[in-house]
Amino acid sequence: MLGRTAAALFWMSRYMERAENLARLLEVGHRISLMPGAIEGHRDEWRSTLQSCACDHGYAEKHDEIVTARVIDFLIFDEDNPSSIRSCIKTARNNGRAVRTALTRDVWESINATWNELAQVKPSSMTADRLPVFLEWVKQRVMSFRGALLGTMLRNDTYHFSQLGNFMERADNTARILDVKYFILLPKATDVGSDIDMQQWAQILRSVSGHRSYRWFYRDSHYRPWLISEFLILREEMPRSLIFSYGWVNRSLQGLASHYGATYDCHQQAHDTHERLKNARMEEIFQSGLHEFLQDFITGNAKLSHAIATTYNFP
Amino acid sequence: MTVIFNEMDGGGGAPREPYAQVAEWLKTLSRSDVERALREAEAIFRRQGITFAVYGDDEAAERLIPFDIIPRVFAAAEWRKLSAGIEQRVRALNAFIHDLYHRQDILRAGKIPHEFIIQNEAFVPEMVGVTPPRGIYAHIIGIDIVRVAANEFYVLEDNCRTPSGVSYMLEDREAMMYLFPELFAQQRVAPVENYPAMLRQTLESVAPAGCNGEPTVVILTPGIHNSAFFEHAFLADEMGVELCEGGDLFVDGGYLYMRTTQAPKRVDVVYRRIDDAYLDPLTFRHDSALGVPGIFDVYRAGRVTLVNAPGTGIADDKSIYTYIPDVIEFYTGEKPLLKNVPTWRCSDPKQLAYVLDHLPELVVKEVHGSGGYGMLVGPTSSKKEIEAFRSRLKARPKNYIAQPTLALSTVPTFTKSGVAPRHVDLRPFVLSGDKVRITPGGLTRVALKKGSLVVNSSQGGGTKDTWVLED
């Protein structure tokens, strides 16, 4: 396989995953903005949404103040923003298009249909009442893409590079969402949070579609910051947790190792990170600093991404 | 007024023989059947991303080529005659190119003026003395043919560089078989779907002599922004070969390699869809970022085969076109089986004078133009357009040739106001390697505007599935 093909598969999946995560973050932001004064104010919520997807600097360069309509436009339609939903789908589709030969017809048609439909959506049509429907559509489309990929792709290097991109991105996104809100998860004098805290915790879970599964998993009607952190970092059962994502990163790299019959530094790096997560305990993470832990993780994840690119001759 | 040949019309309300089944079938189709089929066809094409880009058209950066569901049909006997003419022409074209880059016997014999070749931009001096495997230069040729009567065909032009459109031939057939399977059950239509396999055989058959084992074949594309990118990806996929961009290939130690996720892999045959000028910045245009530095040296050393060879454009240049009947006679010793359209060379003052006097009835084309741009179709142009063209023609007569406006045949086509005749042409695709292979059929392009003779997709043309019936 060409190094460029591997890179395109990797980034195609990363950008599709990013689009889905962004849709979730926007859903949460939108919910908050509809609750006047319930909590500190929606401006802060939009600020942390922008931070969670690393779009805060880009936004500040274009806009002086945080205004709901502008944030939504920036995060959905603005092609100057490389992480807007539109840019994500476009980049994913261009990557897919460049390596069409490596994709099954189902995968390609799914990604192509998504872009074709999205290209028809006018920014002016995105009124408050249409937004949830649109975001739901984005999630559905990414799921259809993933379903086509899982259901039709040969389990060879094509699949492994694609899965690798998917889970590197997911790990990064979950870590960022947690890091932006890490301070509200820190243990406080009282373990039972105020109403505001409850809202904030619920948002974190919602932004990873985890508020229902959290309740099923912990059989607890209360949100507890400790458990939320554990759920999103250390629980294998949670499909957007860091450990779950790294399980897949590892598996995909192992798949490449057996496909090509060779292991490299990046395999060791991924293995080490996965082992660290497996052996970690929440007490220790909180003791040595949740923020530091997440920052380390995000940096390590970026390093691994770079190592993979070098190892497999991405252009 | 000349009579326009309607390929379906047998006179007295009866269809011509090859169209008998199609005519019956058409009677059974309701307006809503047709509309549904057209919608489905469009959805199929759109979903699969069968699009082409139009330069300078931002709004519709990726458009579909309209597809018409009424097939164009040839009888087996008609096709046999055509393909004999095509094969003769293609063999002559390859012999011609070989000669031009070697002894130039045809110039010594005075059949073509020396300066027409040597001063031609399409002549690539770097190719002098280069003999590719099997002496084949133009492995893939698209010959544009028009019909004016039951037994009268003309070659409009030869495409010896990188002819495109073959993916439409294949996808049009796919769509027809999907939409109207019963049509194919009623009669034997010669298959076209083995074109990719034939192409791969052709490409492998021209691998360098030193290549051991199965040759590694790749397609070289300028990338996703190229208007024919869909086709590049489609063919790579159908043949099961890598689709490379310039950056994926590199030269090392006198050989060509591709960058893979593992060790570099040697490449033996490059089906390149990049123009000569952009192929190698070290030999041709230095500012090209699309090509592969050093690839031409590897080619000259006989360690990689480029398909088509650089410099084949000399054989399809419009100023050379007029000499092709002589070319065929010179190399085959036979009379051409397929005729050229009578052509006036505007470089010749006498012929120019005639052209200027008869502009309203002629088609005038730029010698180096392509895609239907920069041409005048006299009979459908306004006085103002003709006068504007006249001054361009006078300013640079060497740049133009003129031809009579041919009464292109028509095939019934679905239009907004029902079924109506529309003008068509035909581009069969011819492969030359260990032998000449011609796919039965080709791409039929149809001018969708009433009365229009311009079938180019960039100018509002569409396509039709093309059938060759088996005996």
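Keep in mind it's a predicted model, so treat the numbers as computed, not measured. Here the residue numbering is sequential within each chain, running from 1 through the sequence in written order. Chains carry letters from A onward and ligands carry numbers from 1 onward, assigned in written order. Local features in this predicted model are restricted to residues of pLDDT 70 or higher, and side-chain atom pairs are both shown and tallied only at a pLDDT of 80 or more, whereas totals for entire chains, interfaces and linings draw on every residue.

**Q** Would you mind going over the domain arrangement of chain A with me for this structure?
**A** When the parts of a complex come together, some accessible area is lost, and that lost area is often used as the size of the interface. All names here are of chain A. Where each domain begins and ends is defined by an automated method or by a domain database. In terms of domains, chain A is made up of domain 1 (1-153) and domain 2 (154-315). Computed from C-alpha atoms alone, the centre-to-centre distance between domain 1 and domain 2 is 20 Å. With C-beta atoms placed from the backbone, a contact is any residue pair whose C-beta atoms sit within 7 Å. With 27 residues of domain 1 at the interface, the matching set in domain 2 holds 29 residues. Among the secondary structure elements, those contributing two or more residues to the side of domain 1 that touches domain 2 are α1 (3-33) and α2 (42-52). Comment: elements are numbered from the N terminus, with helices defined as DSSP H or I runs of at least four residues and strands as E runs of at least two.

**Q** Looking at this structure, how should I read the packing of helix α14 (residues 265-279) of chain A against helix α16 (residues 290-311) of chain A?
**A** Two measures define how a pair of helices packs: the angle their axes make with one another and the distance between the axes. Residue and element names in this part refer to chain A. Axis separation between α14 and α16 bottoms out at 9 Å; the angle between their running directions is 155°. One finds that α14 runs roughly antiparallel with respect to α16. The handedness of the crossing between α14 and α16 is left-handed. In contact with D265, C266, Q269, A270 and T273 of α14, α16 contributes G300, L304, A307, I308 and T311. Residue type decides the class: Asp, Glu, Lys and Arg count as charged, Ala, Val, Leu, Ile, Met, Phe, Trp, Tyr, Cys and Pro as nonpolar, and the leftover types, Gly among them, as polar. In the contact of α14 with α16, the residues fall into 5 nonpolar, 4 polar and 1 charged. Fitted lines through C-alpha atoms give the axes, limited to the stretch in contact for helices. The angle between two N-to-C directions lies from 0 to 180 degrees. Oblique is the label for every angle not falling under 35 degrees (roughly parallel), over 145 degrees (roughly antiparallel), or within 65 to 115 degrees (roughly perpendicular). Take the far helix as the reference: if the near one is turned anticlockwise from it by less than a right angle, the crossing is left-handed, and if turned clockwise, right-handed.

**Q** Looking at this structure, I do not really get the environment of B:R285. What am I missing?
**A** With respect to the helices and strands, the residue B:R285 is situated in the loop between α10 (276-279) and α11 (295-300). Those residues in contact with B:R285, other than ones at most four positions away along the chain, are B:A277 and B:Y278.

**Q** Honestly, the sheet that holds strand β13 (residues 362-366) of chain B in this entry has me stumped. Any pointers?
**A** All names here are of chain B. Pairing in this open sheet of 4 strands is antiparallel, and the strands run β12-β15-β13-β14 from one edge to the other. Each of the sheet's edge strands pairs with one partner strand only, and the pair in question is β12 (344-345) and β14 (376-377). Where β12 lies against strand β15 (residues 400-404), 2 bridges are found, and the strand directions are antiparallel. Along β15, the bridge assignment pairs W344 with A402. Think of it this way: DSSP has to see at least two bridges between two strands before they count as a pair.

**Q** Please explain the interface of chain A and chain B as it appears in this structure.
**A** At the junction of the two partners, chain A supplies 20 residues and chain B supplies 19 residues. Counting only elements with at least two residues in the side of chain A that touches chain B, the list comes to α1, α5 (85-98) and α6 (105-120) of chain A. Counting residues per element, the side of chain A that touches chain B draws most heavily on α6(A), which supplies 5 residues.

**Q** How should the pairing of β13(B) be read in this particular structure?
**A** Side-chain direction in a regular strand flips from residue to residue, so the side chains alternate between the two faces of the sheet. Residue and element names in this part refer to chain B. Using C-beta atoms placed from the backbone, we call a residue buried if 20 or more other C-beta atoms fall within 10 Å of its own, exposed if 12 or fewer do, and partly exposed for counts in between. Burial analysis of β13 places 4 of its 5 residues in the buried class, which makes it a mostly covered element. Sheet analysis places β13 next to β15, joined by 5 bridges and oriented antiparallel. Bridge pairing links E366 to Y400 in β15. Pairing between β13 and β14: 2 bridges, direction antiparallel. When the bridges of β14 are listed, V363 appears paired with V377.

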